[in-house]
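Analysis of the macromolecular model
Listed here are the chains, written in short residue letters.
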Amino acid sequence: FDLRNEDLKDLHELGQGNGGSVKLVEHTPTGKIMAKKIVLIDAKPAVRKQILRELQIMHNCHSKYIISFYGAFLADPNICICMEAMDKGSLDGIYKKIGPIEIDVVGKVALAVLEGLTYLYDVHRIIHRDIKPSNILCNSQGEIKICDFGVSGELINSIADTFVGTSTYMSPERIQGAQYTVKSDVWSLGISLIELALGRFPFSESLSDDSDLSDFEGTLSPARPGSMNSLASLGLPPSRKRDNKSATSKKDKRKSKGVSLQGGGMTMSILELLQHIVNEPAPRLTPEGRFPEQAEQFVDSCLLKDPDQRKTPKDLLKDEWIMYSRTSPIDLEAWASTI
Ligand code: ATP
Ligand code: MG
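Each chain has its residues counted from 1, running along the sequence as written. Both sets of labels track the order of writing: A upward for chains, 1 upward for ligands. Only residues with pLDDT of at least 70 get local features here, since the model is predicted, and only at 80 or more are side-chain atom pairs given and counted; chain-wide, interface and lining totals rely on the full set of residues. Excluded from the side-chain calculation are hydrogens and water; included are all heavy atoms of the structure.

As recorded by an unreviewed UniProt entry, the protein chain carries the name Ste7-like protein and is attributed to Mycena venus. UniProt positions are given in the numbering used here, feature names are shortened, and annotations may be inferred rather than shown by experiment. Turning to the protein chain, the UniProt record has this under Sequence similarities (unreviewed entry): "Belongs to the protein kinase superfamily. STE Ser/Thr protein kinase family. MAP kinase kinase subfamily."

Here it is in structure tokens:
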């Protein structure tokens, strides 16, 4: 496709994120239906051209676990990225609509994401960097694919300052300012899987869904290794050990630095959430016994806090639960028809 904005007819909006909005459009010369992501970028023309060049790598990404790329172009002051439209939307929208997702479907999601990540890394040396339910999409054929991966370093730099919502899927090592690796994506996958199986964000008893994180724009960007986003650089003690979790009173939480966010009866600032991720045990698929043991163990292995102990996506493809999920008889097309 040689894509031009004039040839794209808006049908309706698919969703909004921190970086911009996504619309369902028709490419009128061909009748092809696409999703058009509009990203507002405050960058010099040379940088925008560089971003556009970098995005072209996506033309070479071909996997049934990765959203197809149709092209990108500049439409001042935006960059438009056109991709395959997935008619059932993203998994966050799906669970918010139908409630917790049954564990065998979650197993198929885990398999698809691991396959997608392994393809991106093995073939293109690309690390995703933004695994979360809103970047895992589903269609009525029951296909599960990942989107919004970090192909363009310049794009990551340009939107980093306004890109905040992601921080809560960030691995402990990323919060502490270490380099991104494929294993950071594995952590984010673990958090996402718990969210899908429970039907709520795993830290949601600490931080509410509708928390306004905007005060932190530009400070907590997940994309700048070793810079502003480590706890130390935010002027916080790197570790605030708690002898006993339940000993932390509400009052104690409120007098923290940063903005206190109103949650479901509890409050916790975003900084405290990040500290919590770094200092407290990782979340688990609970209550014990509700989910198959193999699923619990898989999630535990994604959420090993030490990245040296955590496996890569490729190694995790050999995990018992993933091998089971590969052959499990659940019919994703039938499941998708219930959404
Ligand atoms: P963030 O900005 O924090 O990354 P996000 O992933 O929700 O959040 P966007 O990537 O802008 O933000 O996407 C907004 C919404 O549009 C998504 O939540 C998803 O539901 C929908 N969407 C994105 N891409 C597609 C697509 N290819 N097909 C169908 N729906 C899509
Ligand atoms: Mg997205």
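This is not the end of the story, as more comes after the structure.
1. Notes on the coordination of the magnesium ion (ligand 2)
Only nitrogen, oxygen and sulfur atoms within 2.8 Å of the metal, or 3.2 Å for Na, K and Ca, are treated as donors, and water is left out, so sites may look incomplete. Summarising the metal site, the magnesium ion (ligand 2) is bound by the protein donors N135 (OD1) and D148 (OD), whose distances to it range over 2.0 Å. Taken together, the residues span a long stretch of sequence, with N135 in the loop between α3 (103–124) and β6 (136–138) and D148 in the loop between β7 (144–146) and α4 (153–160) at a distance of 13 residues. Under the relative-accessibility criterion, N135 is labelled buried at 4%. Where helices and strands are cited, they refer to DSSP runs of H or I of at least four residues and of E of at least two residues respectively, numbered from the N terminus. Per-residue accessibility, obtained with a 1.4 Å probe over protein chains only, is compared with the maximum for each type, and a residue is labelled buried under 20%, exposed over 50%, and partly exposed between these values.

2. A closer look at the packing of helix α9 (residues 293–302) against helix α11 (residues 320–327)
Any two packed helices are characterised by how steeply their axes cross, that is the angle between the axes, and by the distance between the axes. In this analysis an axis means a line fitted to C-alpha atoms, helices contributing only their contacting stretch, and an angle means the value between N-to-C directions, from 0 to 180 degrees. In the contact formed by α9 and α11, the axes pass within 8 Å of each other and the chain directions differ by 125°. With respect to each other, α9 and α11 are oriented oblique. Packed against α9, whose contacting residues are Q294, A295 and F298, the element α11 presents E320, W321, I322 and Y324 at the interface. The residue inventory of the contact of α9 with α11, partitioned by class, reads five nonpolar, one polar and one charged. By definition in this entry, angles of less than 35 degrees are roughly parallel, angles greater than 145 are roughly antiparallel, angles of 65 to 115 are roughly perpendicular, and the rest are oblique. Whether two residues touch is decided by their heavy atoms; if any such pair falls within 4.5 Å, the residues are in contact. Asp, Glu, Lys and Arg are counted as charged, while Ala, Val, Leu, Ile, Met, Phe, Trp, Tyr, Cys and Pro are counted as nonpolar; the rest, among them Gly, fall into the polar class.

3. Observations concerning the sheet that holds strand β5 (residues 78–83)
For two strands to be treated as a pair, DSSP must find at least two bridges joining them. Here five strands make up an open sheet; going across it, the order is β1-β2-β3-β5-β4 and the pairing antiparallel. One side of each edge strand has no neighbouring strand; the edge strands of this open sheet are β1 (8–16) and β4 (69–75). Across the sheet, the axes of successive neighbouring strands diverge by a mean angle of 25°, strand direction being ignored. Pairing geometry for β4 and β5, over six bridges, is antiparallel. Bridge pairing in β5 links A75 to N78.

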